[in-house]
Amino acid sequence: MEAIELNPHHVPDPSRPRKRPKMNRYALACAMLASTNSVLLGYDIGVISGAVLFIKESLHISSTQEEILVGSLNVCSLIGSLASGKTSDYIGRRYTIVLAAATFFIGALLMGLAPSYPFLMTGRVIAGIGVGYSLMIAPVYTSELSPAMSRGFLSSMPEVFITLGILTGYVSNYALSGLPHHLNWRLMLGLAALPAVAIAFGVIAMPESPRWLVMKGRHGEAKKVLLRTSESEEEAEFRLREITHAAAQANSDSIDGTWRGQGVWKELLWRPSPATGRILVAAIGINFFMQASGNDAVVYYLPEVFKAAGIKNKRVLFGINVIMGTSKACFVLLSALFLDRFGRRPLLLLGSTGMTVSLAILGMASKFLESGHKPPWAIVVSVIAVCADVSFFSIGLGPITWVYSSEIFPLKLRAQGTSLAISVNRLVSGVVSMTFLSVTNEISFGGIFFVFSGIMAVGTVFFFFKIPETKGKTLEGIGALFEDKKTTSVEMAGM
């Protein structure tokens, strides 16, 4: 097929509508199906926080083994996230989603049937690899399928489903906590296999990413997908021209059907262009601060925090988790709905500033509780501060990290660049999760919350200076934001 020339001065109506466009239902359905994979991580985050209390009693594990058990899934997801970029470039985005679900399914079954701690750890290692695949592929697939004007909302679906998974995990803790201790945690962990089966069947109805199809030279199939995810034939044609132009610029050999993602790591890490370097800094930075904020650790170990505060009843602890999960779910939905209206930067800066303040308040309240008196008002303030922290996370860093990571890399580098950024995400999450209890034994819960607050203050400054606005821009047009520092500064100053 002949290359399609793109006139950069011609911007048709689909790319700059006068009124807010309607949501494309087919694109929404595909985004939701792809993002269902993220339920797997969310459910594990939520359910392990309660299940580990019963695992400690059933398998008689130490605090160090508890940290390894909780954090191992995040560390092992590093393997999946690193491999996912090359895998999805080779076999396609769609089948990588199936691979992620199948891997997690095996891990969930092993965890549910585990007779011993080593067996349980094996299941978490395998499930972690599946999580790594799903965290990269869901936002990349969704961003490549979505129209520019609704990409923020659709690409934030993975975080929405992670949050719904967390809430489901909390509800599972609460509902199953009354069963015998040797049985309840196995059911809690084993139930995660059910959504993995649903995903494997649901992917049959999903199309392949049109951008991956173009990179493989399958323009006819790409056009069919674009026609279904666009509001008009003119918009579909415009998107196809942009994608074809970007693919031709990326690699003259990448659209003849032989492209397999070769040469990307060299271009990313060995000799990156100035623009690629800025993109890497932005993508890795936002992923680093997402997990260095301690959000995963707060969610994982919240029952331990409130046990130390004097709340001993497990059902009360799980009830607090449900309250926090409900708050988190409400705010991530709110953020997703307004992401394309207000943009990435305002919500990101609002969220990170709110987290800084909330974590500082949580640190102060925890210090009062550690004094030995445990005043009731300090417990109430701690619960409110935790809910505020996870809510501000759900407004900003939660959804925007996935949106931003999947949209700023150019077509050729997108899958493997996103996998690199998310690998940093998983590594930091694993380190924080596996050291949280050990560090709190040294500096107390209050001390570690003050540390997280300081990290988020630094993160807010980083976001202000390094994260340009991408709202409403096509994936092929976002690269211009990183081409010139002056241009980027103007774009950010104008927000």
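Residues numbered from 1 in each chain as written. Predicted model: local features only at pLDDT ≥ 70, side-chain atom pairs only at ≥ 80, totals over all residues. Heavy atoms only, no water.

Some words on unusual backbone geometry
For His-60, which is not glycine, the phi dihedral falls at a positive 55°. Looking at where His-60 falls in the secondary structure, it is placed in the loop between helix H2 (38–59) and helix H3 (63–91). On the accessibility criterion, His-60 (66% relative accessible area) is exposed. A positive phi angle, near 80°, is found at Ser-444, a position not held by glycine. Of note, Ser-444 is situated in helix H20 (residues 414–466). Exposure remark for Ser-444: the relative accessible area of 17% places this residue in the buried category. (Helix = DSSP H or I, 4+ residues; strand = E, 2+ residues; numbered from the N terminus. Buried < 20%, exposed > 50% of the residue type's maximum accessible area, 1.4 Å probe, protein only.)

Concerning the nonpolar core
By size, the foremost hydrophobic cluster in this structure holds 129 residues, and its most contacted members are Ile-55, Phe-449 and Phe-463. Among residues more than four places away in sequence, those in contact with Phe-449 are Val-298, Val-305, Leu-359, Leu-362, Gly-363, Ser-366 and Phe-436. (Core = buried A, V, L, I, M, F, W, Y, C linked by side-chain atoms within 4.5 Å. Contact = heavy atoms within 4.5 Å.)

Quick word on the packing of aromatic side chains
Summed over all chains, the structure comprises 11 aromatic pairs. Taking 6.0 Å as the distance between ring centres and 40° as the angle between the ring planes, the aromatic pair formed by Phe-436 and Phe-445 counts as tilted. Ring centres of Phe-462 and Phe-463 lie 6.0 Å apart, and the angle between their planes is 75°; on these two criteria the pair is classed as edge-to-face. You can call Phe-463 buried: its relative accessible area is 1%. Each member of the aromatic cluster is reached from another via a ring pair, and the members are Tyr-301, Phe-436, Phe-445, Phe-449 and Phe-452. A cation over an aromatic ring shows up here: Arg-228 above the ring of Tyr-26, its NZ or CZ 3.9 Å from the ring centre. (Phe/Tyr/Trp six-rings, centres within 6.5 Å; stacked < 30°, edge-to-face > 60°. Lys NZ or Arg CZ within 6 Å of the ring centre and 35° of its normal.)

Section: a nonpolar patch on the surface
Together, Tyr-90, Ile-91, Tyr-95 and Leu-99 give the surface a local cluster of nonpolar side chains, amounting to about 380 Å² of exposed area. Those elements that place two or more of their residues in the nonpolar patch are H3 and helix H4 (93–112). By the secondary structure assignment, Tyr-90 is in helix H3. (Patch = residues over 30% accessible without salt bridge, like charges linked within 9 Å, V, L, I, M, F, W, Y side chains within 5 Å. Areas by Shrake-Rupley, 256 points an atom, 1.4 Å probe, with all protein chains shown as cover. Salt bridge = Lys/Arg side-chain N within 4 Å of Asp/Glu carboxyl O.)

Observations concerning the pattern of salt bridges
Here the structure, examined in full by the defined rule, presents 12 salt bridges. For Arg-414, the salt bridge identified is with Glu-144, shortest N-O distance 3.2 Å. In this pair, Arg-414 sits in helix H20 while Glu-144 sits in helix H5 (residues 117–145), placing the two residues 270 residues apart along the sequence. Each member of the pair Arg-414 and Glu-144 is classed as buried. The partner of Glu-221 in a salt bridge is Arg-218, and the shortest N-O contact between them spans 2.9 Å. Glu-221 sits in the partly exposed class, given a relative accessible area of 39%.

Quick notes on the packing of helix H17 (residues 344–370) against helix H19 (residues 397–407)
Each pair of packed helices can be described by the angle between their axes along with the distance between the axes. Viewed as axis vectors pointing N to C, H17 and H19 meet at an angle of 140°, and their least axial separation amounts to 9 Å. Classified by the angle between their axes, H17 and H19 sit oblique to one another. Both H17 and H19 take part in a crossing whose hand is left-handed. Residues Arg-344, Leu-347, Leu-348 and Met-355 of H17 form the contact with H19, whose participating residues are Leu-397, Ile-400, Val-403, Tyr-404 and Glu-407. Split by residue class, the contact of H17 with H19 holds 7 nonpolar, no polar and 2 charged. (Axes fitted to C-alpha atoms, helices over the stretch in contact; angles between N-to-C directions. Parallel < 35°, antiparallel > 145°, perpendicular 65-115°, else oblique. Left-handed = near helix turned anticlockwise from the far one by under 90°. Nonpolar A, V, L, I, M, F, W, Y, C, P; charged D, E, K, R; others polar.)

Some thoughts on the confidence of the model for the protein
In this model, the protein carries an average pLDDT of 84, and 90% of its residues clear a pLDDT of 70 or more. Here helix H22 (residues 485–493) stands out as the least confident element of the protein, with mean pLDDT 47; helix H14 (residues 274–292) is the most confident, with 94. Residue range residues 1–18 is modelled with pLDDT below 50. Its contacts to residues more than four positions away, or to other chains, number 20 contacts. (pLDDT = per-residue confidence, 0-100.)

Here's the deal with empty space enclosed by the protein
In this structure the tally under the stated criterion is 1 cavity of 30 Å³ or more. Approximately 70 Å³ is the volume attributed to the largest cavity. Around the largest cavity, the lining is made up of 13 residues, and of these Ile-45, Glu-159, Ile-162, Met-290 and Asp-296 lie nearest the centre. Elements with a contribution of two residues or more to the lining of the largest cavity: H2, helix H7 (157–176), H14 and helix H15 (295–308). Per-element accounting of the lining of the largest cavity gives the leading share, 3 residues, to H7. Looking at the lining of the largest cavity residue by residue, the class counts come to 7 nonpolar, 2 polar and 4 charged. (1 Å grid on protein atoms, 1.4 Å probe; cavity = no way out; pocket = protein on both sides within 12 Å on 5 of 7 lines; lining within 4 Å. Points joined across faces, edges and corners; volume = space filled by probe spheres on them.)

Thoughts on H5
Between the first and last C-alpha of H5 there are 42 Å, a value that for 29 residues agrees with the 42 Å anticipated at 1.5 Å per step. Within H5, 23 of the 29 residues are buried, which leaves it mostly tucked inside the rest of the structure. (Expected span 1.5 Å × (residues − 1).)

Notes on the environment of Gly-112
By the secondary structure assignment, Gly-112 is in helix H4. Under the relative-accessibility criterion, Gly-112 is labelled buried at 11%. Linking Gly-112 and Ala-193, residues 81 residues apart in sequence, is a C-alpha distance of 9.1 Å. If we skip the residues at most four places from it in the chain, Gly-112 touches Arg-186 and Gly-190.

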